[in-house]
Amino acid sequence: KFPDIYTYRCNQESLKPLKEFVLSDSFGMPYKRDGDVISKQSWYYDTRDPDNDECFRNLFYEHYWGGYCNFFRTMLDGKTPKLTNLWYQVYEKGDTHEWHLHKNTDVANVLYLELEDKSLATQFKVSDTESYTPDVNEGDTLLFDASYKHRSPVNNTDSTKMIISFNVNALNCLALQPYEGLWS
């Protein structure tokens, strides 16, 4: 098993407002570059709407963040997560996201809003010839060292994969920061 990958299991019912936001978000754009093909995402585009981004963050905080913070502190020796960025991605048939890592952050996260086919789960690079795929379900979040190379495999199915990705830094403090201080 690949080391240091944690799975936070969230109540799927509480994630419905986040999924509804992603489905209805008119600001989400397709992305195609350097082998990556993503049908809808909120990371790579120049015309982001600040009010729309704030609405997404507020839903994330309201319906997800508290339980995640408790899990994070338990798994990471009382450290407090500080959210550094947040986005969603929707993968339809033929979509993929090549091997990559997340720079300038401590912990990368993938929250599965929709994952009917487990062959679409995030893969982690173990060596040049080997990868590892954790067993995840809808409602699960993978937490892992942001320097781990990972990818979304090619979606060769008729199923959709919908995720929220976010990065956090691990702070050495026990108390939760005020709401306004969680976003940097």
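Residues numbered from 1 in each chain as written. Predicted model: local features only at pLDDT ≥ 70, side-chain atom pairs only at ≥ 80, totals over all residues. Heavy atoms only, no water.

Observations regarding the overall build of the chain
The helix and strand inventory of the chain stands at 2 helices and 11 strands. Listing each helix as α and each strand as β along the chain from the N terminus yields β-α-β-β-α-β-β-β-β-β-β-β-β. Compactness check: the chain gives a C-alpha radius of gyration of 16 Å against a globular reference of 16 Å for 184 residues, within 12% of the reference. Along the three orthogonal principal directions, the C-alpha set of the chain runs to about 45 × 40 × 30 Å. Going through the 184 residues of the chain one by one, you find that 49% of them count as buried. (Helix = DSSP H or I, 4+ residues; strand = E, 2+ residues; numbered from the N terminus. Rg over C-alpha atoms; globule rule 2.2 N^0.38 Å. Buried < 20%, exposed > 50% of the residue type's maximum accessible area, 1.4 Å probe, protein only.)

Re the nonpolar core
L18, F60, Y64, W65, Y68, I164 and F166 are the most contacted members of the largest nonpolar core, which totals 28 residues. Broken down by element, the residue count for this core peaks at 10 residues, all from helix 2 (residues 50–75). The contacts of F60, once residues within four sequence positions are left out, are L18, W65, L83, L86, I164 and F166. One finds Y91, Y132, V136 and Y148 within the second-largest nonpolar core, a separate group that totals 18 residues. (Core = buried A, V, L, I, M, F, W, Y, C linked by side-chain atoms within 4.5 Å. Contact = heavy atoms within 4.5 Å.)

Quick notes on the sheet that holds strand 7 (residues 123–125)
Pairing is antiparallel in the open sheet, where 4 strands are placed in the order 5-10-7-8. Strands at the two margins of the open sheet, each flanked by one partner only, are strand 5 (97–100) and strand 8 (131–132). Bridge count for strand 7 against strand 10 (residues 150–152) is 2 bridges, and the pairing is antiparallel. Paired with F124 across the strands is H150, a residue of strand 10. (Pairing = 2+ DSSP bridges.)

Regarding the packing of aromatic side chains
Summed over the entire model, instances satisfying the criterion amount to 18 aromatic pairs. When the centroid spacing of 5.9 Å and the interplanar angle of 80° are considered together, the rings of Y61 and W65 count as edge-to-face. Placement of the pair is Y61 and W65 together in helix 2, with a separation of 4 residues, close to one helical turn. Residue class for W65 comes out buried when judged on its relative accessible area of 4%. An aromatic cluster is present here, built from Y8, F60, Y61, Y64, W65, Y68, F71, F72 and F166 joined pairwise through their rings. Above the ring of Y91, the side-chain terminus of K161 is found at 4.9 Å from the ring centroid. (Phe/Tyr/Trp six-rings, centres within 6.5 Å; stacked < 30°, edge-to-face > 60°. Lys NZ or Arg CZ within 6 Å of the ring centre and 35° of its normal.)

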